[in-house]
2 protein chains.
Amino acid sequence: MTKQMIIGMHLGNGYGSQPGAWRMPGVDPKNFASFDAKVRYAQAAERGKMQFLFLPDGPSHVGDIGNEAPHFNLDVMMTLAAIARGTERIGLVATGSTTFNEPYNLARSFKALDIMSHGRAGWNAVTSSGEDVAANYGQRIPSSADRYGRAHETVQLVQALWGSWGKDAWVHDVESGRFANEDQIQPINMGGKYVASRGPLYIPPSEQGQPVIFHAGGSPNAHALAGRFANVVIGATFTIEDAKAQRQAFRDAAEHAGRDPDEIKFIAGMMTTIAADRRAGLDRKIALTGRTFPQRVRYLEQMLGVPLDPSRLNEPLSKQQLAAARPSPMDPRSRNALKIAKEGWSLSDILAHGVIDYHPSIVGPGVEAADHMQEWFEAGAVDGFWISPDVYQDGVDAFVDGVVPILQERGLFHRDYEGATLRDHVGAPAQYGIDPRV
Amino acid sequence: MTKQMIIGMHLGNGYGSQPGAWRMPGVDPKNFASFDAKVRYAQAAERGKMQFLFLPDGPSHVGDIGNEAPHFNLDVMMTLAAIARGTERIGLVATGSTTFNEPYNLARSFKALDIMSHGRAGWNAVTSSGEDVAANYGQRIPSSADRYGRAHETVQLVQALWGSWGKDAWVHDVESGRFANEDQIQPINMGGKYVASRGPLYIPPSEQGQPVIFHAGGSPNAHALAGRFANVVIGATFTIEDAKAQRQAFRDAAEHAGRDPDEIKFIAGMMTTIAADRRAGLDRKIALTGRTFPQRVRYLEQMLGVPLDPSRLNEPLSKQQLAAARPSPMDPRSRNALKIAKEGWSLSDILAHGVIDYHPSIVGPGVEAADHMQEWFEAGAVDGFWISPDVYQDGVDAFVDGVVPILQERGLFHRDYEGATLRDHVGAPAQYGIDPRV
Ligand SMILES: Cc1cc2nc3c(=O)[nH]c(=O)nc-3n(C[C@H](O)[C@H](O)[C@H](O)COP(=O)(O)O)c2cc1C
Ligand SMILES: Cc1cc2nc3c(=O)[nH]c(=O)nc-3n(C[C@H](O)[C@H](O)[C@H](O)COP(=O)(O)O)c2cc1C
């Protein structure tokens, strides 16, 4: 069988990745507080055989709350608990900071989710870098060395706790009255410079043993942490070249840690506005985010290095402007922005293409998303994608019905789940407790 | 309407309060890891119109794991998330330590549960006192002054975070495009000796505003904390006199804090083995815990102050033994133990009466439980009970079908939920943010 891609879906505030998603027709503006809605969107992703849901998290709110919804879930673990009860196969990955959480608490809640979901949990073990987050804990963000130092200790300790109730410890044998083999339930007595715990944790293995480690981070310290522990990297990248370089950095780090580099999958972000054709997609995007375009023009100016007039959103760049434009070397999205501008689109349409979105953005028919994914995948730039639909209400179905069948037709994406656990879905090898090879 | 009692139910490891519950016929010995089972037991309690479920928690395991299940849930918040999705009315109360959790994390997860359950969440805000728990965080248990000092700050800060997204802040008005009134979403910027947080929390009010505060603790420091913040006290007491004294201490503390003492309800523990008659109840209890009786006889000796022979479990105390017996002043259960002994029951039957259980134990027909509850309630010793069924699998239904109807018939317990929220169920006044009266 040829190698196939992994697809995950970002699940955030209950509306979608576009700021205007909450006020679109057909969207319940109260979805921020609706666990039902999130379960429905998760079910839609599962219908599309996606391997996992990815819930980012940063316990804080910053942003234009007057006009836009907060980005995160009310609480990622509670959201995934609801989804675990309402889905059967899809993997459930939540972000949990190693900077502001106790290892014992992380170990317990993620392993409980793993049991609850019958082996579908993943932990995106990140370091927190926002001072807004730190302030919610009455603290400041530590140095990168301290953040990643604590992260190494925390992941190691959590995995030790996961394995502290031995794999075969839970016998629950009614006949003999033996509940567990106590000699397989041992304290871990681990501690380092930052965190410590005695253990044991009192939770038996799940169907996949223990949760899968994900990571998201860009620095060499992040590579080293992921290389040692992660099976999946949640990536952010705008070009095939950069994706290749990032993927290689993580693979190198894994090898450096004594692991098979194929055990670490690099998954790139992608934003989707799937519509009947390009024009319909652009109009949808304008309805969603057009309000922000006048300010965004200012940013586009910097990317292209030419003055632009926010009062003339419906006009394309002039010949003179196009001739003078130079993609900013400070922003990897600039080359694509200039390419779109040269196609003759209006200022509004250029922005509607998502040229300053957080990830490469597909605005148009499903085949364009499939082409993008195929190109990157076959270039060896990524092992898959995590998609951020513009509006969950119909954007998940649009991807599932408009993109997934094309990828399946081309042999790039599986037609059904091969196994029952997240470990199966992402090809992560069996592991229980601390990886003895590391 | 005359005053009626509140009834809560303890929900622990998935088996029941008796050590042998996991291996009883009809019980799935894998229930420790089954969220389905816990949802079923919660639904049974809700059928009985019980006001709340109480989930104790202490992130640790101590005990005879070879023969007995751990006492606690895998994770109380994940368990209540599952139950929130599977029930409609019953209150959902989890224990969360103020000693080893960050206020921001507590505030977020409990308020998410409150949203998810449509206003049914309660937080049993305790201080941790076990060194086994502290060791799981690489720490030692602080002094009582420090534990309660941190508890005061933590509860205050959590309530401030709950109110930091103003009551009417969330407008989600599609027409105008206003998501929220940002002037009603303000940082709290609170900090003390132990904890601090900037806020705001980004979660709107629930149907009950914010979760209800419970407390469990016995010291004067516990009285003061509960008196200031709690609406419900989870109590442990063996006699009407002691219950009266405890209830009064909490009421006095509430008054001292400037509150109406009727705003704090004292709820006593009670263990139930409901059966067709006393003999059937005793036999059930013997099947459940008889294995432990030979050791427990040693403890009964100390309670009664006479030597007893564990090899003669099926014989009653002799005339000489009964004449020499003196209830130990060290153990408030001793007088009841002697009373039972004098009724002529065998050693085994005395223990099967639950005379050394953690709470007063009813072993017999439902009417005996109802009589006990009526006597305590009418004596003004309690505002209600939290019951610990011996085995959840059939013990919840036994209480719901065998005790609840009698209490309803006598006008002591409601026939249906009066309202939709936990605040309604326990008569806790409306509150959002910090109580301005305190
Ligand atoms: C694609 C991606 C997703 C991320 N998601 C989160 C997140 O959900 N929560 C969070 O606190 N940090 C998140 N981060 C931030 C990283 O955890 C980290 O704090 C940041 O990249 C700075 O770390 P560095 O020093 O390794 O670059 C994410 C980073 C990337 C690249
Ligand atoms: C009825 C009752 C239930 C309790 N439940 C818990 C619990 O679930 N988790 C916990 O950590 N402590 C629990 N406690 C312990 C108290 O929180 C506290 O640590 C202990 O009573 C010592 O505190 P004190 O100094 O106030 O007596 C409970 C106490 C009582 C009386």
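How each quantity is defined
Along each chain, residues carry numbers from 1 onward, in the same order as the chain's sequence is written. Each chain takes a letter, starting from A, and each ligand takes a number, starting from 1, following the order in which they are written. Totals for whole chains, interfaces and linings use every residue, but because this is a predicted model, local features are given only for residues with pLDDT of at least 70 and side-chain atom pairs only at 80 or more, for both listing and counting. The basis for every side-chain value is the complete set of heavy atoms in the structure, and neither hydrogens nor water enter the calculation. Think of it this way: any DSSP run of H or I at least four residues long counts as a helix, any run of E at least two long counts as a strand, and we number them from the N terminus. A 1.4 Å probe rolled over the protein chains alone gives each residue an accessible area, and that area as a share of the maximum for its type sets the label: buried under 20%, exposed over 50%, partly exposed in between. Strand pairing requires that DSSP identify at least two bridges connecting the strands. A clockwise path from the first strand over the helix to the second, with the strands pointing away from the viewer, defines a right-handed crossover. Nearness of a residue to a molecule or strand requires only that one of the residue's heavy atoms be within 4 Å of it. Whenever a nitrogen or oxygen atom comes within 3.5 Å of another N or O atom, the pair is scored as a polar contact, on the condition that within protein one atom can donate a hydrogen and the other can accept it, and that pairs from neighbouring residues in sequence are kept only if both atoms are in side chains. Only the protein chains shown count as cover for residues, and all accessible areas are computed by the Shrake-Rupley method using a 1.4 Å probe. Note that Gly is not counted as nonpolar here; it falls among the polar residues with everything else outside the nonpolar set of Ala, Val, Leu, Ile, Met, Phe, Trp, Tyr, Cys and Pro and the charged set of Asp, Glu, Lys and Arg. When the copies are superposed, the least-squares fit draws on C-alpha atoms of residues that have pLDDT of at least 70 in both. Here, residues are in contact when the closest pair of their heavy atoms is within 4.5 Å. Buried area: the sum, over both parts, of the accessible surface (1.4 Å probe) that disappears when the two are put together. Every case where a carboxyl oxygen of Asp or Glu lies within 4 Å of a side-chain nitrogen of Lys or Arg is listed as a salt bridge. By definition here, a helix of n residues has an expected span of 1.5 Å times n minus one. Comment: arc refers to directions from the helix axis out to C-beta atoms. Start and end positions for the domains come from either an automated domain assignment or a database one. Any pair of Phe, Tyr and Trp rings, taking the six-membered ring for Trp, is counted once the centres come within 6.5 Å. Such a pair is stacked with planes under 30 degrees apart, edge-to-face with planes over 60 apart, and tilted for the rest. UniProt positions are given in the numbering used here, feature names are shortened, and annotations may be inferred rather than shown by experiment.

Caption draft 1: Spatial organisation of unusual backbone geometry. All names here are of chain A. G199 connects to P200 through a cis peptide bond whose omega is -5°. By secondary structure assignment, the location of P200 is in the loop between β8 (196–197) and β9 (212–215). One non-glycine residue, H118, lies in positive phi territory at about 55°. Along the chain, the position of H118 falls in the loop between α3 (103–116) and β4 (121–126). Of the residues examined, H118 reaches a relative accessible area of 47% and is grouped as partly exposed. Non-glycine residue N189 carries a positive phi angle of around 45°. Within the secondary structure layout, N189 lies in the loop between β6 (178–180) and β7 (190–191). Overall, the relative accessible area of 56% leaves N189 in the exposed class.

Caption draft 2: Quick peek at the pairing of strand β4 (residues 121–126) of chain B. All names here are of chain B. Counting buried positions along β4 yields six of six residues, so the element is predominantly enclosed. Because side chains alternate across β4, one face comprises the buried residues A121, W123 and A125, and the other comprises G122, N124 and V126, equally buried. In terms of strand pairing, strand β3 (residues 91–97) meets β4 through six bridges, oriented parallel. Across the sheet, residue A94 finds its bridge partner in β4, namely W123. Chirality of the crossover, the property in question, places the unit of β3, helix α3 (residues 103–116) and β4 among those that are right-handed. Where β4 meets strand β9 (residues 212–215), three bridges bridge the pair, whose relative direction is parallel. Bridging from a neighbouring strand, G122 pairs with V212 of β9.

Caption draft 3: Inspection of the site of ligand 1 at higher detail. All names here are of chain A. Around ligand 1 there are 17 residues in total, and D57, T127, S129, Y148 and S219 lie nearest to it. S129 has a polar side-chain atom sitting 2.8 Å from an oxygen atom of ligand 1. Measuring from an oxygen atom of ligand 1, one finds a side-chain N or O atom of R147 at 3.4 Å. In isolation ligand 1 exposes 620 Å². Once the protein is present, 76% of that is buried. When residues of the shell around ligand 1 are traced back to their parent elements, those giving at least two are α5 (144–162) and β10 (232–235). Looking at the shell around ligand 1 residue by residue, the class counts come to eight nonpolar, seven polar and two charged.

Caption draft 4: Structural context of the relation of the copies chain B and chain A. Superposing chain B onto chain A takes a rotation of 180° combined with a translation of 0.0 Å along the rotation axis, leaving an RMSD of 0.0 Å. The symmetry that links the two subunits is that of a two-fold axis. A shared binding surface is used by both copies, with 100% of the interface residues of chain B retained as interface residues in chain A.

Caption draft 5: How the structure looks around the interface of chain B and chain A. Facing 67 residues of chain B, the contacting portion of chain A comprises 67 residues. Roughly 5700 Å² of surface becomes buried between chain B and chain A when both sides are summed, with 63% attributable to carbon and sulfur atoms. Among the residues of chain B in contact with chain A, M78, F179 and Y202 of chain B are the three that bury the most area, contributing 13% of the side total. Linking chain B with chain A are four salt bridges, by the criterion used here. Run the count over chain B and chain A and you get 24 residue pairs in polar contact (both at pLDDT 80 or more). Broken down by element, the residue count for the side of chain B that touches chain A peaks at eight residues, all from α3 of chain B.

Caption draft 6: Representation of the side chain of K285 of chain A within the structure. Relative to the helices and strands, K285 of chain A is located in helix α8 (residues 278–289). In contact with K285 of chain A, not counting residues within four places along its chain, are Q18, T273, G290, A352, H353, G354, D357, S361 and V363 of chain A.

Caption draft 7: Examining the pattern of salt bridges more closely. Residues and elements named next belong to chain B. Following the criterion strictly, the structure yields 51 salt bridges over all chains and no others. The salt bridge involving R251 is made with D262; its shortest N-O contact spans 3.0 Å. Of this pair, R251 sits in helix α7 (residues 240–256) while D262 is found in the loop between α7 and β11 (265–274), placing the two residues eleven residues apart along the sequence. Owing to a relative accessible area of 16%, R251 belongs among the buried residues under this scheme.

Caption draft 8: Highlighting helix α13 (residues 366–378) of chain A. Residue and element names in this part refer to chain A. Helix length check: α13, at 13 residues, gives a terminal C-alpha distance of 18 Å against a target of 18 Å (1.5 Å per residue), a fit within 8%. Those residues of α13 that sit buried are G366, A369, A370, H372, M373, W376 and F377. Seen end-on, α13 carries its buried residues on one side only, within an arc spanning 160°. Once α13 ends, the next one or two residues include G380, with phi positive near 70°.

Caption draft 9: Layout of the domain arrangement of chain A. All names here are of chain A. Looking at chain A, the domain boundaries give domain 1 (6–275 + 365–426) and domain 2 (278–352). For domain 1 versus domain 2, the distance between C-alpha centres works out to 33 Å. In this assembly, domain 1 packs against domain 2 so that about 1300 Å² is buried in total across both faces, 55% of it on carbon and sulfur atoms. Three residues stand out in domain 1 for area buried against domain 2, namely Q18, R23 and F238, and they jointly supply 33% of the buried area on that side. Applying the counting rule to domain 1 against domain 2 returns three salt bridges. We note a salt bridge from R284 to D394, for which the minimum N-O separation is 2.8 Å. Linking domain 1 with domain 2 are four residue pairs in polar contact (both at pLDDT 80 or more). Residue composition of the side of domain 1 that touches domain 2, grouped by class: seven nonpolar, six polar and five charged.

Caption draft 10: Quick peek at helix α8 (residues 278–289) of chain B. Residue and element names in this part refer to chain B. Spanning twelve residues, α8 covers 16 Å between terminal C-alpha atoms, matching the ideal 16 Å at 1.5 Å per step. When α8 is considered as a whole, its buried residues turn out to be G281, L282, K285, L288 and T289. Buried residues of α8 fall within an arc of 120° about the axis and therefore sit on the same side. If you check the start of α8, you find a side-chain oxygen 3.2 Å away from the backbone N of R279, and it comes from D277.

Caption draft 11: Inspection of the packing of aromatic side chains at higher detail. Throughout the structure, instances matching the rule amount to 30 aromatic pairs over all chains. One aromatic cluster is present, built from ring pairs that chain together Y15, W22 and F32 of chain A together with W165, W170 and F179 of chain B.

Caption draft 12: Fine view of the UniProt feature "domain: Luciferase-like" (unreviewed entry) in chain A. The positions UniProt marks with the feature "domain: Luciferase-like" (unreviewed entry) are residues 27–380 of chain A. A distance of 37 Å separates the end C-alpha atoms of residues 27–380 of chain A, which is 42% helix and 14% strand.

Caption draft 13: Spotlight on the UniProt feature "binding site: FMN" (unreviewed entry) in chain A. Per the UniProt entry, the sites bearing "binding site: FMN" (unreviewed entry) are D57, T95, Y148 and S219 of chain A in this numbering. Excluding its chain neighbours within four sequence positions, the residues that come into contact with D57 of chain A are F72, V76 and T95 of chain A together with R108 and Y202 of chain B. A distance of 2.6 Å separates a polar atom in the side chain of D57 of chain A from a polar atom in the side chain of R108 of chain B. When you line up the elements, Y148 of chain A lands in helix α5. A relative accessible area of 6% means that Y148 of chain A is categorised as buried. Beyond its immediate stretch of four places on either side in the chain, Y148 of chain A contacts T127, H215, G217, S219, N221, A222 and L225 of chain A.

Caption draft 14: Seen up close, the site of ligand 2. Residues and elements named next belong to chain B. Neighbouring ligand 2 are 17 residues; D57, T127, S129, Y148 and S219 lie closest to it. Within the contact set of ligand 2, an oxygen atom lies 3.4 Å away from a side-chain nitrogen or oxygen of R147. Interatomic distance of 2.4 Å between a side-chain N/O atom of Y148 and an oxygen atom of ligand 2. Protein contacts shield 76% of the accessible area of ligand 2, which totals 620 Å² for the unbound molecule. Mapped by element, the contributors of at least two residues to the shell around ligand 2 are α5 (144–162) and β10 (232–235). Across the shell around ligand 2, the residue classes break down as eight nonpolar, seven polar and two charged.

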